[in-house]
Amino acid sequence: MAFFRKNKKNEAPVNVPEHIAIIMDGNGRWAKKRGLPRTAGHRAGAEAFRRIANYSRSIGLKYLTVYAFSTENWKRSEEEVSGIMKLLGRYLEEALADMEKNHVRFCFFGDLSRLSPELQTLCRDAQERSRCYDEVQVNFCLNYGGRDELVRAARTFAAQVAEGKCGPEDLTEEAFSNYLYSAGVPDPELIIRPSGEMRTSNFLLWQSAYSEYVFMDVLWPDFGPEQLDAAIEEYNRRNRRFGGT
Ligand code: FPP
């Protein structure tokens, strides 16, 4: 059922989408502006994520998908990559400790096999132990790339055809969706990219077919409930036609 809440300015009802996805961009620039190392920007970015995850639950959002580490982010310095991995590990440890308080369900999109064994265990534990919660589901995109996801899905389907389990004619849009990391998750109605960049950067290529994009000038560490509200209000002003009139 759609969840409505009041718009602060004119009291018009605001429709909170079921699924919002966010490209958490601008951590490096945030740090640079302050003369700090990039890792400090990621630390502030992790705080911004905490704020938004809590707020998402309070407004009744069902799915929050965040781009935490892409298949291309391995090109960054070893120091920066290990800094981000440490932050993720720390966050998941805290989330596991606070699980019964926060009731967040965790899911991971991406090829986790390239992560450290410790981080893989944390991801697995968080996913398994939070399976029972149904307030908000956070999908962490980790070592995720939209093209990589599509190629893996195509390979899995081709392997099943080769084994004689199905034929090419069985592949429909709906069937293909079930080979993706996001199987069972509705497509995001709204995708937000802060930091002023206007690219999709290999994020949710299949799932974003009809998503509304909102690009914002704020850097991710400065992103909070006020910015999420503004993006949702902008989404409410859009006229979604899905190819119709
Ligand atoms: C993009 O900003 C951000 C990333 C590649 C990493 C995102 C990671 C986090 C927010 C921390 C992860 C931890 C948790 C708990 C979610 P950028 O570094 O590309 O910024 P720039 O474009 O300004 O250089």
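It should be noted that the structure appears before, not after, this text.
The structure displayed is predicted, hence computed values, not measured ones.

**Student:** So what's going on with the packing of aromatic side chains? Which residues, and what values?
**Tutor:** In this description, an aromatic ring pair is defined by two values, namely the gap between the centres and the angle between the planes. Inspection of every chain in the model, using the stated rule, returns 15 aromatic pairs. These aromatic residues form a ring-pair network of at least three members: Phe49, Tyr91, Phe106, Phe108 and Phe140.

**Student:** Tell me about helix H8 (residues 225-237), residues and numbers included.
**Tutor:** The first and last C-alpha atoms of H8 sit 18 Å apart over 13 residues, in line with the 18 Å expected at 1.5 Å per residue. Considered for burial, the residues of H8 that qualify are Gln227, Leu228, Asp229, Ala231, Ile232, Glu233 and Tyr235.

**Student:** Tell me about the site of the ligand, and name the residues and values.
**Tutor:** Met24, Gly28, Arg29, Arg38 and Arg76 are the nearest of the 18 residues found near the ligand. Contacts to the ligand include Asp25, whose side-chain N or O atom sits 3.1 Å from an oxygen atom. Contacts to the ligand include Arg38, whose side-chain N or O atom sits 2.9 Å from an oxygen atom. The set of elements that each furnish at least two residues to the shell around the ligand consists of helix H1 (27-33), helix H2 (38-58) and helix H3 (78-97). The element contributing the most residues to the shell around the ligand is H2, with five residues. Of the residues in the shell around the ligand, the class split is eight nonpolar, six polar and four charged.

**Student:** I'd like a rundown of unusual backbone geometry, residues and numbers included.
**Tutor:** The phi angle of most residues is negative, glycine excepted, and most peptide bonds adopt the trans form. Residues other than glycine seldom take positive phi values, yet His103 does so here, at roughly 55 degrees. On the secondary structure map, His103 appears in the loop between helix H4 (99-102) and strand E5 (104-109). Despite not being glycine, Asn202 has its phi angle at roughly 65 degrees, a positive value. Structurally, Asn202 is set in the loop between strand E7 (190-193) and strand E8 (212-215).

**Student:** Give me the side chain of Thr65: which residues, what numbers.
**Tutor:** Its location among the elements puts Thr65 in strand E4 (residues 63-70). Among residues more than four places away in sequence, those in contact with Thr65 are His19, Ile20, Ala21, Ile22, Phe109, Asn139, Cys141, Phe203 and Leu204.

**Student:** Break down the pairing of strand E6 (residues 136-144) for me, with residues and values.
**Tutor:** Of all the nine residues making up E6, nine are buried; the element is thus mostly covered by neighbouring parts of the structure. Taken together, the seven bridges between E4 and E6 define a ladder with parallel strand orientation. Across the sheet, Val66 pairs through a bridge with Phe140, a residue of E6. Looking at chain direction, E5 and E6 are connected through six bridges and run parallel. When the sheet's bridge partners are listed, Phe108 is paired in E6 with Phe140. After leaving E5, the chain enters helix H5 (residues 117-129) and then returns to the sheet as E6, a path that is left-handed.

**Student:** Outline the nonpolar core, supporting the account with residue identities and numerical values.
**Tutor:** In this structure, Phe49, Phe106 and Phe140 are the most contacted members of the largest nonpolar core, which totals 49 residues. Of the residues forming this core, the biggest block, eight residues, is contributed by H3. Excluding residues that lie within four positions of it along the chain, Phe106 makes contacts with Tyr91, Ala95, Met99, Ala126, Gln127, Ser130, Val138 and Phe140. Counting residues in hydrophobic clusters, the runner-up holds twelve residues, among them Ala21, Phe109, Cys141 and Leu204.

So, how was this worked out
Residues numbered from 1 in each chain as written. Predicted model: local features only at pLDDT ≥ 70, side-chain atom pairs only at ≥ 80, totals over all residues. Heavy atoms only, no water. Phe/Tyr/Trp six-rings, centres within 6.5 Å; stacked < 30°, edge-to-face > 60°. Helix = DSSP H or I, 4+ residues; strand = E, 2+ residues; numbered from the N terminus. Expected span 1.5 Å × (residues − 1). Buried < 20%, exposed > 50% of the residue type's maximum accessible area, 1.4 Å probe, protein only. Near = heavy atom within 4 Å. Polar contact = N/O pair within 3.5 Å; in protein donor to acceptor, adjacent residues only side chain to side chain. Nonpolar A, V, L, I, M, F, W, Y, C, P; charged D, E, K, R; others polar. Contact = heavy atoms within 4.5 Å. Pairing = 2+ DSSP bridges. Right-handed = clockwise from strand over helix to strand, strands pointing away. Core = buried A, V, L, I, M, F, W, Y, C linked by side-chain atoms within 4.5 Å.

Function cannot be read off these values alone, since they describe shape.
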